[in-house]
Amino acid sequence: MSRRYLFTSESVTEGHPDKICDQISDTILDALISEDPRSRVAAEVVVNTGLVLITGEVSSKATVNFIDLARQKIAEIGYTNADNGFSANSCSVLVALDEQSADIAQGVNVAQENRGTGNDEAFDSIGAGDQGLMFGYACNETPELMPLPISLAHRLSRQLAVVRKSGQLGYLGPDGKTQVSVVYEDGKPVGIDTILISTQHADAIDGVTDNDAIQKRIRDDLWESTVKTVFGDAQLQPDDNTRLLVNPTGKFVIGGPQGDSGLTGRKIIVDTYGGSARHGGGAFSGKDPTKVDRSAAYACRHVAKNIVAAGLAEKCEVQVSYAIGVARPVSIMVDTFGTGTVDEEKLLEAVKEIFELRPAGIIHAYGLQSLPGDRGGRFYQDVAAYGHFGRLDLDLPWEQLDKVDALKARLS
């Protein structure tokens, strides 16, 4: 019997209060690792009206100016007008950082001199920075092998930033959220039910102050410059039955940290798969790659994506778990939800042979402590907004399809 249902995912813009925090946290991480690759970082940020608080734990030989980094990132995002209650040049930036606990660090500090050499014995001797479980996911709904709802929601959020920063819709503010509800039949996307865009905007547009007129202008402009651009020539298009909801509260002038506080790590579903897959609970931003919450989640995505790209499943979820101070995963699980073309036990054995899932091995394989020079020291901050996965705009190591041939050969 055919089953028809809706599935919804959301995204947020880079000016959302929580995303401001994620980006500052990862800007700090980029700066520390660029100067000292062995930096241990767990940087947490809080923002509110006129205030930025940088806290957490950092152990590093690097010398960076945390206050300047925060201000630069806030300005880059677009908060440069003090009238909005939050501005790069006028906000207070407080720093309250401690060193990482020696008890936590000792499980990862063994064989430091051998890290990054590709030495297999060294990989075994460097344990996970914490216990926990991580998931990775991929499916064949989009070219980037991501679920369609979160893919569309991210594209809409990024386009909001494009039209704002280019001046095309210069009346938009940095804060915003998007949401897309996709119609599924028997697990396949077949339609777009609802598109929701909430975006911060000026109190007056071209001299017009009537709010009803302003909201109509925003809705019409977003349809032309954002929705139509995002969908382009996509196979699945909005139709006469698709609802477009824009600023459904009726107004969105007060936004950003003036409208709501923000905190690092509070958008973990936006960062991953939009709810289409399970989540281990650990956030990414502000954490150096010895934290498996981050690095192992990247590795799981790499595994799942290569399995789907190899045609071994239509969708795939991978879980790993770790014990603090222990290198090899406590458990590994591969689930193809009945869409696999090979036995899952054989698939699991192939994964264990082909993919490196020890923390030091992941760091080495993806170069997570050696930031690409062509990005000018930017790496982690570039994935801190608009998702860590499925990013066709970035050359991310965990998005590479470099294990497809090995999987096919192993399972042929």
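Look up a bit, the structure's there.
Residues numbered from 1 in each chain as written. Predicted model: local features only at pLDDT ≥ 70, side-chain atom pairs only at ≥ 80, totals over all residues. Heavy atoms only, no water.

**A closer look at the packing of aromatic side chains**
- Applying the stated rule across the entire model yields eleven aromatic pairs.
- Here the aromatic rings of Tyr137 and Tyr273 are separated by 5.8 Å at their centres, their planes lie at 70 degrees, and the arrangement is edge-to-face. Of this pair, Tyr137 sits in strand β5 (residues 132-139) while Tyr273 sits in the loop between α8 (268-271) and α9 (292-309), and the two are 136 residues apart along the sequence.
- An angle of 15 degrees between the planes, with centres 3.7 Å apart, marks the rings of Tyr298 and Trp398 as stacked. (Phe/Tyr/Trp six-rings, centres within 6.5 Å; stacked < 30°, edge-to-face > 60°. Helix = DSSP H or I, 4+ residues; strand = E, 2+ residues; numbered from the N terminus.)

**Quick notes on the pairing of strand β7 (residues 188-201)**
- Burial analysis of β7 places ten of its 14 residues in the buried class, which makes it a mostly covered element.
- Note that strand β6 (residues 172-185) and β7 share eleven bridges and pair antiparallel. Following the sheet pairing, Glu185 is matched in β7 by Lys188.
- Where β6 folds back onto β7 in an antiparallel hairpin, the turn is made up of two residues, including Asp186, whose phi is positive at roughly 50 degrees.
- Here four bridges tie β7 to strand β8 (residues 243-246), and the two strands are oriented parallel to one another. When the bridges of β8 are listed, Leu196 appears paired with Leu245.
- In this region the chain leaves β7, passes through helix α6 (residues 211-231) and returns to the parallel neighbour β8; the handedness of that crossover is right-handed. (Buried < 20%, exposed > 50% of the residue type's maximum accessible area, 1.4 Å probe, protein only. Pairing = 2+ DSSP bridges. Right-handed = clockwise from strand over helix to strand, strands pointing away.)

**Here we look at the sheet that holds strand β4 (residues 92-98)**
- A sheet is described by the order of its strands in space; here four strands give the open sequence β4-β3-β2-β9, paired in mixed fashion. Unpaired on one side and paired on the other, β4 and β9 (262-263) mark the two borders of the sheet.
- In this sheet, strand β3 (residues 51-59) lies alongside strand β2 (residues 40-48) in antiparallel orientation, the contact comprising nine bridges. Directly across from Arg40, in β3, lies its bridge partner Ser59.
- Packed on one face of the sheet, helix α1 (residues 17-35) meets β2, β3 and β9 and runs near 150 degrees to β2.
- Strands β3 and β4 of the sheet are contacted by helix α2 (residues 66-77), whose axis makes an angle of about 130 degrees with β4. (Contact = heavy atoms within 4.5 Å. Axes fitted to C-alpha atoms, helices over the stretch in contact; angles between N-to-C directions.)

**Brief notes about the packing of helix α10 (residues 344-354) against helix α12 (residues 404-411)**
- Closest axis-to-axis distance for the α10/α12 pair is 10 Å, and the angle between their directions is 130 degrees. Classified by the angle their axes make, α10 and α12 are oblique. α12 is crossed by α10, and the crossing has right-handed handedness. Facing α10, whose interface residues are Lys346, Leu347, Glu349, Ala350, Glu353 and Ile354, α12 presents Ala406, Leu407, Arg410 and Leu411.
- Residues belonging to the contact of α10 with α12 are distributed by class as follows: six nonpolar, no polar and four charged. (Parallel < 35°, antiparallel > 145°, perpendicular 65-115°, else oblique. Left-handed = near helix turned anticlockwise from the far one by under 90°. Nonpolar A, V, L, I, M, F, W, Y, C, P; charged D, E, K, R; others polar.)

**Focus: the nonpolar core**
- Val52, Ile74, Ile307, Tyr322 and Trp398 are the most contacted members of the largest nonpolar core, which has 77 residues in total.
- Val182, Ile195, Ile197 and Ile205 belong to the second largest nonpolar core, which has 24 residues in total. (Core = buried A, V, L, I, M, F, W, Y, C linked by side-chain atoms within 4.5 Å.)

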